[in-house]
Amino acid sequence: MAAPIRVTVWNEYRHEKTDQVVADVYPEGIHGQIAKFLSAQPGIVAGTATLDEPEHGLSEEVLANTDVLIWWGHMAHREVADEIVDRVQQRILNGMGLIVLHSGHFSKVFRRMMGTNCSLKWREVGERERLWVTDPAHPIAEGLGEFFEIPHVEMYGEFFDIPTPDATVFISWFQGGEVFRSGVAYHRGKGKVFYFRPGHETFPIFYQAEVQQVIVNAVRWAAPTKGPYTDLSPALRYQANETFTVEE
Ligand code: ZN
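Summarised in this report is the structure supplied together with it. (Residues numbered from 1 in each chain as written. Predicted model: local features only at pLDDT ≥ 70, side-chain atom pairs only at ≥ 80, totals over all residues.)

A word on the nonpolar core
Argument step 1. Judged by nonpolar contacts, the single largest core of 61 residues is most densely connected at Val68, Ile70, Leu98, Ile99 and Val219.
Argument step 2. Ranked by the residues each element gives to this core, the list is headed by helix H7 (residues 209-222), at six residues.
Argument step 3. Contacts of Leu98, omitting those with residues within four sequence positions, involve Leu69, Trp71, Ile92, Met113, Gly191, Val193 and Ala222. (Core = buried A, V, L, I, M, F, W, Y, C linked by C-beta atoms within 7 Å. Buried ≥ 20, exposed ≤ 12 C-beta atoms within 10 Å, placed from the backbone. Helix = DSSP H or I, 4+ residues; strand = E, 2+ residues; numbered from the N terminus. Contact = placed C-beta atoms within 7 Å.)

Below, the structure is given as structure tokens:
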């Protein structure tokens, strides 16, 4: 049997401590809820890490033992140390998967991986969202219908300032009329990155079956594959595979 996929669910874990509405929705924290449904899946083991732990819970050792990192942040992006962002970036470039959720679009880690502002429009009135599957053959769409809906969300609208994705798996429509690229996939070095829009802290979005299905699918997609290169950091002087002469 294949070794399980090791997931670390990172959450800044601030709203849950300061806002009773959020604490009521996520008594074990957003990270606790995500780690719970992931751990119930065969072939996945999930741990957690939070901002206020030493090194934000992301020591070299933790990252070396993480196949896929999940990131939720909102109010404390600026408190994430640049040294940790550097470390996470290097680990992704050398194969770790990254799944960024909702307001993580403005995290230092996601902006570093994208190289753009990652800005967008937003509105918080609890309207309905319909997520259309726009890449039905993509592994992240496995098991879904042609669309699914979330009854109450915070709206995110275009223009979303991201690089053109390798794959756009979902596009959302909102009651207010906006659209948004809600599920976008990238390759960065040996690592795979997926951004998934839903997940505002005051709504029970991470309890919804389709949302959980997408995150589980994304974990399986983003897990590292055994490829030819062990470390992509150095530029190697390379001997030709064949013997040849260069003519004058
Ligand atoms: Zn939000």
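Side note on unusual backbone geometry
Argument step 1. Residues Glu158 and Phe159 are joined by a peptide bond in cis, for which omega reads 15 degrees.
Argument step 2. Summarising the element assignment, Phe159 is placed in the loop between strand E6 (147-157) and strand E7 (167-174).
Argument step 3. The backbone of Glu55 shows a phi angle near 55 degrees, a positive value even though the residue is not glycine.
Argument step 4. Positionally, Glu55 belongs in the loop between strand E2 (44-50) and helix H4 (60-64).

Section: the sheet that holds strand E1 (residues 5-11)
Argument step 1. If you trace the nine strands from one edge of the open sheet to the other, you get E2-E1-E3-E4-E9-E8-E7-E5-E6, paired in mixed fashion. Two strands close off the open sheet at either side, each with one partner strand: E2 and E6. On average, each strand axis in the sheet is inclined to that of its neighbour by 25 degrees, with strand direction left out of account.
Argument step 2. Of the strand pairs in this sheet, strand E5 (residues 121-133) and E7 are connected by five bridges, and their pairing is antiparallel. Of the residues in E7, the one forming a bridge with Leu131 is Ser172.
Argument step 3. Most of the contacts of helix H3 (residues 29-39) go to E2, to which it runs at about 170 degrees, and overall it touches E1, E2 and strand E3 (68-72).
Argument step 4. Strands in contact with helix H5 (residues 82-93) are E3, strand E4 (97-101), strand E8 (179-188) and strand E9 (191-196); relative to E9, the strand with the most contacts, it is inclined by about 115 degrees. (Pairing = 2+ DSSP bridges. Axes fitted to C-alpha atoms, helices over the stretch in contact; angles between N-to-C directions.)

Observations regarding H5
Each α-helix winds once per 3.6 residues, and so residues spaced three or four apart point in a common direction.
Argument step 1. Here H5 is 12 residues long and its end C-alpha atoms lie 16 Å apart, about the 16 Å a rise of 1.5 Å per residue gives.
Argument step 2. Taken together, the buried positions of H5 are Val88, Arg91 and Ile92. An end-on view of H5 places all buried positions within 100 degrees of arc, on one side of the element. Turned more than 90 degrees away from the buried face of H5, the exposed residues are Asp82, Glu83 and Asp86.
Argument step 3. The inward-facing, buried residues of H5 abut H4, E3, E4, helix H6 (108-114), E8 and E9.
Argument step 4. Looking one or two residues beyond H5, the residue adopting positive phi is Gly95, at roughly 130 degrees. (Expected span 1.5 Å × (residues − 1). Arc of directions from axis to C-beta.)

A short note on the pairing of E9
Argument step 1. In terms of residue burial, E9 counts as a mostly covered element, since six of its six residues are buried.
Argument step 2. Here E9 shows no split at all, with Gly191, Val193 and Tyr195 on one side and Lys192, Phe194 and Phe196 on the other all buried.
Argument step 3. The pairing of E4 with E9 spans four bridges and is parallel. Pairing of Leu101 across the sheet is with Phe196, part of E9.
Argument step 4. Both E8 and E9 contribute to a ladder of six bridges, which runs antiparallel. Within E9, the position partnered with Tyr186 by the bridge is Val193.
Argument step 5. Linking two consecutive strands that pair antiparallel, namely E8 and E9, is a turn of two residues; a positive phi of about 60 degrees is found at Gly189 within it.

Observations concerning the environment of Glu154
Argument step 1. Mapped onto the fold, Glu154 is located in strand E6.
Argument step 2. Judged by local crowding, Glu154 falls into the buried class, with 22 C-beta atoms found within 10 Å.
Argument step 3. Each C-alpha atom, one on Glu154 and one on Thr202, is 9.2 Å from the other, the two residues being 48 residues apart in sequence.

Quick look at the environment of Ala49
Argument step 1. Among the secondary structure elements, Ala49 is positioned in strand E2.
Argument step 2. As for Ala49 and Val9, which are separated by 40 residues in sequence, their C-alpha atoms are 6.2 Å apart.
Argument step 3. Filtering out sequence-adjacent residues up to four positions away, Ala49 remains in contact with Thr8, Trp10, His56, Gly57, Leu58 and Val62.

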